[in-house]
Amino acid sequence: MTDGLPTTAVTSTSDEERDLRARALKRLEDKRGLMAHSLAYVSVNVLLTAIWFVTGAGFFWPVFPIFGWGIGLAFHAWAVIWPEPGEEQVRAEMDRLRGRRT
């Protein structure tokens, strides 16, 4: 089937495809996890605000879970949305580290 083609080229392409697919699946899972986290955040905090409203409490105590959990959600979003370093950034950091050793 691969007559005339070097097997390393076929294997390399196949490995690249598998790696790319694995990375894509991981990224999609991360995005889905962020959406679930966001939905839970909004749902729970709407419920807490409704409880606060119905009880007629004066001080807006839901601000504490909204703010505290919001920090965690922000870090989760940062981890999912922020792009991974590119090859150029990795090379620049490697060059910087090489310069530091000498």
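All of the points below concern the structure found in this document. (Residues numbered from 1 in each chain as written. Predicted model: local features only at pLDDT ≥ 70, side-chain atom pairs only at ≥ 80, totals over all residues. Heavy atoms only, no water.)

1. Overview of the overall build of the chain
The number of helices and strands found in the chain is three helices and zero strands. Written out in order from the N terminus, the α and β elements of the chain read α-α-α. Out of the 102 residues in the chain, the part that is buried amounts to 7%. Contacts in the chain between residues at least 24 apart in sequence constitute 59% of all its contacts with a sequence separation of at least 6. (Helix = DSSP H or I, 4+ residues; strand = E, 2+ residues; numbered from the N terminus. Buried < 20%, exposed > 50% of the residue type's maximum accessible area, 1.4 Å probe, protein only. Contact = heavy atoms within 4.5 Å.)

2. A closer look at the environment of Y41
As for its placement among the helices and strands, Y41 is situated in helix α1 (residues 7-55). Classification of Y41 as buried rests on a relative accessible area of 16%. Residues Y41 and P65, spaced 24 residues apart in sequence, show a C-alpha to C-alpha distance of 9.4 Å. Within the structure, the side chain of Y41 is placed 2.9 Å from the backbone oxygen of I66, a separation counted as a polar contact. (Polar contact = N/O pair within 3.5 Å; in protein donor to acceptor, adjacent residues only side chain to side chain.)

3. A few points about a nonpolar patch on the surface
On the surface, a cluster of nonpolar side chains totalling about 1,000 Å² of accessible area is made up of L47, I51, F59, F60, W61, V63, F64, F67, I71 and F75. Sorting the residues of the nonpolar patch by element identifies α1 and α2 (63-81) as the ones contributing at least two each. For the nonpolar patch, the element with the most residues is α2, which contributes five residues. Among the structural elements, F67 can be located in helix α2. For F67, a relative accessible area of 58% corresponds to the exposed category. (Patch = residues over 30% accessible without salt bridge, like charges linked within 9 Å, V, L, I, M, F, W, Y side chains within 5 Å. Areas by Shrake-Rupley, 256 points an atom, 1.4 Å probe, with all protein chains shown as cover. Salt bridge = Lys/Arg side-chain N within 4 Å of Asp/Glu carboxyl O.)

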